[in-house]
Amino acid sequence: MYFRAWSTLIGDMGYALSRLEIDPDYSDSESSPVGDDNDGQQSSSQHELDHEVAQLTKLSSAPHDRLRRVLPRREEFNVSPVKMLAGREGNYSGRGRFSSADRCHILNKYLPVKGPSIVDQLTTRAYVSQFSSDGSLFVAAFQGSHIKVYNAEMGWKLQKNIVAESLRWTVTDTSLSPDKRFLIYATMSPIVNIVNIGSSATESHANVTEIHEALEFSADDERGYAFGIFSVKFSNDGKELVAGTSDDSIYVYDIEANRPSLRIQAHTSDVNSVCFADESSNLIYSGSDDNLCKVWDRRSFGSKGKPVGILTGHLEGITHIDSRNDGRYLISNGKDQTIKLWDIRKMSSNAPRTPGFRNYEWDYRWMDYPLRARNVKHPSDQSVATYKGHSVLRTLIRCYFSPVYSTGQRYIYTGSHDSCVYVYDVVSGARVARLMHHKSTVRDCSWHPYYPMLVSSSFDGDIAKWEFPGNAENPIPVNNSRPQRLYFD
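Residues numbered from 1 in each chain as written. Predicted model: local features only at pLDDT ≥ 70, side-chain atom pairs only at ≥ 80, totals over all residues. Heavy atoms only, no water.

### Overview of the overall build of the protein chain
Then step 1. A count of helices and strands for the protein chain gives six helices and 29 strands.
Then step 2. Put simply, the protein chain has 489 residues, and 57% of those count as buried.
Then step 3. Only carbon and sulfur atoms are counted for the fraction: they give 47% of the accessible area of the protein chain, which is about 20700 Å². (Helix = DSSP H or I, 4+ residues; strand = E, 2+ residues; numbered from the N terminus. Buried < 20%, exposed > 50% of the residue type's maximum accessible area, 1.4 Å probe, protein only. Areas by Shrake-Rupley, 256 points an atom, 1.4 Å probe, with all protein chains shown as cover.)

Pasting the structure below:
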């Protein structure tokens, strides 16, 4: 509904504006970072990114060359929506329509910074936020064993209220099947449970009102072997699961055979995050508390059991990774308070030995990051770019690329221990938005795949929805006032 409504709005604007006289001096100015700008650094990199990924990002979110010259004046990158629509009506591009890059250029002016409105509010910590691939469903998972599935196309109606089974500490991760019929959830145990969210019943209490089938990741000869699952994902065909665990391993689970098909001793510490590199599901990325990102090729798992490459650069453990879904680029959130952008073509076959660059004791679970470590760089850093400003403390905070359809993956966004959501420009490194509402750590957030909407989940129990500023209005600053409300421990 949101996608169709927004597309219709953009289309209708073209006809409405086709007869307008356009002021030749009118142009949207570059928007300054949204949020409270009196709290520190506005740019996370000293120079604009000079790498192939920067060019790919610009191409996917820049207007057509001829649309930049709608009027006889100098060429400009930041072409206003009015000029873009007038150029389309005049068929300046020769296509008679907007390209995907033209569309992203317009929609990038309407970032989800207004609000927020509260989707739901519980008295327990919210750990997971996740839109379905088409944006029709939204999943929120909480420490108090609750997982809620909302229908985002039906006024955020609660579609499924799941009470989890085998809960240890919290729900650590969830994943929706590609057909949106099933949801899996993981906790700090070797069991992943699968729920049919397409059933008619709203309430789904594990093995009381509905069956939550348990998928045992321990091998038959290892029953009773205890470990936790931090990260779990469906493969793109929905037939397998990949998981990162507290026993330093990556597991692949065959759903049809109902058993683990592979275990790789992948790292020397907890594997906090795993994801597929692209739609083929052959390449897998992993991030660990051993400070390393690794790249795995499933086609060589059996013969080698070793990664095809290692990416070094973080000074501390990695809390989350996200793929650009092109089999080449990924980002990682680190406990060294940085997000790093990687090109897997720069990976090495072995982790370089770099003794002595850390000379302090620190634990992110209860300590602030040492001031003397904030400007330290890994001597063998292989990353393409580094983004700073947010806070990665107390929990495994997640980061993502913004959607392809509406932004051309122009941005990186992340939760933060300082109760905010941060949005960075991939190319310039600038912080373009800082969304403030929550009163505690924002562990996860999710950007709608088509509509300018972002939903954040926090340890204060709030599920907050941020949207674009209004119906085709110019972007406006976010309302930074915090509503008076009860604080949940």
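### Digging into the sheet that holds strand S6 (residues 171-176)
Then step 1. Strand order across the open sheet formed by four strands is S6-S7-S8-S10, with antiparallel pairing between neighbours. Each edge of the open sheet is held by one strand with a lone partner, namely S6 and strand S10 (213-216). When the angles between neighbouring strand axes are averaged without regard to direction, this sheet yields 25°.
Then step 2. Here S6 runs beside strand S7 (residues 182-187); their pairing, made up of five bridges, is antiparallel. Considered in S7, the bridge of threonine 174 is made with tyrosine 185. (Pairing = 2+ DSSP bridges. Axes fitted to C-alpha atoms, helices over the stretch in contact; angles between N-to-C directions.)

### Concerning the UniProt feature "repeat: WD" (unreviewed entry) in the protein chain
Then step 1. UniProt's entry tags residues 222-263, 264-297, 311-352 and 435-467 with the feature "repeat: WD" (unreviewed entry), counted in the numbering of this structure.
Then step 2. In this annotation, residues 264-297 is assigned 0% helix and 56% strand; the end-to-end C-alpha distance for the span is 12 Å. (UniProt positions renumbered as here; feature names shortened; annotations may be inferred.)

### Focus on helix H2 (residues 52-61)
Each full turn of the α-helix corresponds to 3.6 residues, which orients residues three or four apart in the same direction.
Then step 1. Residues Val53, Ala54, Thr57 and Ser61 constitute the buried set of H2. Buried residues of H2 fall within an arc of 105° about the axis and therefore sit on the same side.
Then step 2. Those residues of H2 that are buried lie in contact with helix H4 (100-107), strand S20 (329-334), strand S21 (338-343) and helix H6 (404-407). (Arc of directions from axis to C-beta. Contact = heavy atoms within 4.5 Å.)

### Comments concerning the packing of aromatic side chains
To describe a pair of aromatic rings, you give the distance between the ring centres and the angle between the ring planes.
Then step 1. Here the structure, examined in full by the defined rule, presents 17 aromatic pairs.
Then step 2. Relative to tryptophan 447, the ring of tyrosine 413 has its centre 5.4 Å away and its plane inclined at 65°; by these criteria the two rings are edge-to-face. Of this pair, tyrosine 413 sits in strand S24 (residues 411-414) while tryptophan 447 sits in strand S27 (residues 442-447), and the two are 34 residues apart along the sequence.
Then step 3. The buried category is assigned to tryptophan 447, whose relative accessible area is 6%. (Phe/Tyr/Trp six-rings, centres within 6.5 Å; stacked < 30°, edge-to-face > 60°.)

### Side note on unusual backbone geometry
Then step 1. Cis peptide bonds are those with omega within 30 degrees of zero, and the linkage from glycine 115 to proline 116 qualifies with 5°.
Then step 2. Here proline 116 shows up in strand S1 (residues 114-121).
Then step 3. Despite not being glycine, asparagine 325 shows a phi value in the positive range, around 65°.
Then step 4. By the secondary structure assignment, asparagine 325 is in the loop between strand S19 (318-323) and S20.
Then step 5. The backbone of arginine 394 sits at a positive phi, close to 75°, despite the residue not being glycine.
Then step 6. In this structure arginine 394 comes out as partly exposed when scored by relative accessible area, which is 28%.

### Things to note about the pairing of strand S25 (residues 420-425)
Then step 1. Within S25, six of the six residues are buried, which leaves the element mostly enclosed by the surrounding structure.
Then step 2. Residues Cys420, Tyr422 and Tyr424 line one face of S25 and the alternating positions Val421, Val423 and Asp425 line the opposite face, and both faces are buried.
Then step 3. Relative to S25, S24 is paired through four bridges, and the arrangement is antiparallel. By the bridge assignment, isoleucine 412 is partnered in S25 with tyrosine 424.
Then step 4. Counted between consecutive antiparallel strands, the loop separating S24 from S25 contains five residues, among which serine 419 sits at a positive phi close to 80°.
Then step 5. Linkage of S25 to strand S26 (residues 431-436), two consecutive antiparallel strands, is achieved through a turn of five residues, within which glycine 429 is found at a positive phi near 80°.

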